[in-house]
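Take a look at the letters that make up each chain.
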Amino acid sequence: AEEFCTMMGFDAGQQLQVVPLEGARNWCPEELSVRQLFTHVLDVFGKPNKKFFDMLSLFAKDEKEKNILESIVSGSDDGKALYRDFVHDFAHHADVLKKFPSARPPVEHLINMI
């Protein structure tokens, strides 16, 4: 969790207050640290779906990275092949985020993306 927080530019010790939403996919305590969020609540080592790539593209500052992320979800043959390659080569969210260093969603968005 420490390495992930550092890579993302998050303060691992920062305390968060989470407002639970009805129908939320993940249970989360109402107060926890960023470290606890990425250690006990969110699975940053889980397999990303296309929606993750789509949302990540909104945060990419580098045009080349943004174009790659957008093409993954475009539905084109090239995009489908890219998605298969990424899911095969980068098995989890943390690896994808390493691959696209200009795409750094804030914690409040990452909670909904993972």
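Look up: the structure comes first, before these words.
A brief structural summary. Keep in mind that what you see is a predicted model, and the values were worked out from it rather than measured.

Moving on, we come to the overall build of the protein. Looking only at helices and strands, the protein has 7 helices and 2 strands in total. Tracing the protein from N to C terminus, the helices and strands come up as α-β-β-α-α-α-α-α-α. Taking 114 residues into account, the globule formula puts the C-alpha radius of gyration at 13 Å, and the protein, at 14 Å, falls close to it. In terms of principal-axis extent, the alpha carbons of the protein reach across some 45 × 30 × 20 Å. For the protein, the residues scored as buried account for 39% of the 114 residues in total. Excluding contacts between residues fewer than 6 apart, the proportion of contacts in the protein whose partners are at least 24 apart in sequence is 60%. By element, 51% of the accessible surface of the protein is carried by carbon and sulfur atoms, the whole surface being about 7,000 Å².

Our focus in this paragraph is the nonpolar core. Ranked by internal contacts, the top residues of the largest apolar core, which has 34 residues, are Phe4, Phe10, Leu37, Phe38, Phe52, Leu56 and Leu110. Elements that contribute at least two residues to this core include exactly helix H1 (2-8), helix H2 (34-41), helix H3 (50-57), helix H4 (63-72), helix H5 (77-89), helix H6 (93-99) and helix H7 (107-113). Considering every element that reaches this core, the biggest residue donor is H2, with 4 residues. In this structure, phenylalanine 38 is in contact with Ala1, Phe4, Cys5, Phe10, Val44 and Leu110, ignoring residues within four places of it in sequence.

Below, the discussion takes up the side chain of serine 102. Relative to the helices and strands, serine 102 resides in the loop between H6 and H7. When its relative accessible area of 16% is taken as the criterion, serine 102 is described as buried. In terms of polar contacts, serine 102 uses its side chain to reach the backbone amide nitrogen of lysine 61, at 3.1 Å.

Closest axis-to-axis distance for the H3/H4 pair is 8 Å, and the angle between their directions is 150°. One finds that H3 runs roughly antiparallel with respect to H4. Judged by the sense of rotation from one axis to the other, the crossing of H3 with H4 is left-handed. Together, Lys50, Phe53, Leu56 and Ser57 of H3 and Lys66, Leu69, Glu70 and Ile72 of H4 make up the contact between the two elements. Considering only residue class, the contact of H3 with H4 consists of 4 nonpolar, 1 polar and 3 charged.

Considering all chains together, one arrives at 3 salt bridges under this definition. Linking glutamate 2 and arginine 35 is a salt bridge whose minimum nitrogen-to-oxygen distance equals 2.2 Å. One end of the pair, glutamate 2, is in helix H1; the other, arginine 35, is in helix H2, and 33 residues separate them in sequence. Note on glutamate 2: relative accessible area 41%, which makes it partly exposed. Here arginine 35 falls in the partly exposed class, since its relative accessible area comes to 33%. Among the salt bridges present, the one from glutamate 70 reaches lysine 66, with a minimum N-O distance of 3.9 Å. Residue glutamate 70 and its partner lysine 66 are located together in helix H4, separated by 4 residues, close to a single helical turn.

Cut-offs used in this document
Residues numbered from 1 in each chain as written. Predicted model: local features only at pLDDT ≥ 70, side-chain atom pairs only at ≥ 80, totals over all residues. Heavy atoms only, no water. Helix = DSSP H or I, 4+ residues; strand = E, 2+ residues; numbered from the N terminus. Rg over C-alpha atoms; globule rule 2.2 N^0.38 Å. Buried < 20%, exposed > 50% of the residue type's maximum accessible area, 1.4 Å probe, protein only. Contact = heavy atoms within 4.5 Å. Areas by Shrake-Rupley, 256 points an atom, 1.4 Å probe, with all protein chains shown as cover. Core = buried A, V, L, I, M, F, W, Y, C linked by side-chain atoms within 4.5 Å. Polar contact = N/O pair within 3.5 Å; in protein donor to acceptor, adjacent residues only side chain to side chain. Axes fitted to C-alpha atoms, helices over the stretch in contact; angles between N-to-C directions. Parallel < 35°, antiparallel > 145°, perpendicular 65-115°, else oblique. Left-handed = near helix turned anticlockwise from the far one by under 90°. Nonpolar A, V, L, I, M, F, W, Y, C, P; charged D, E, K, R; others polar. Salt bridge = Lys/Arg side-chain N within 4 Å of Asp/Glu carboxyl O.

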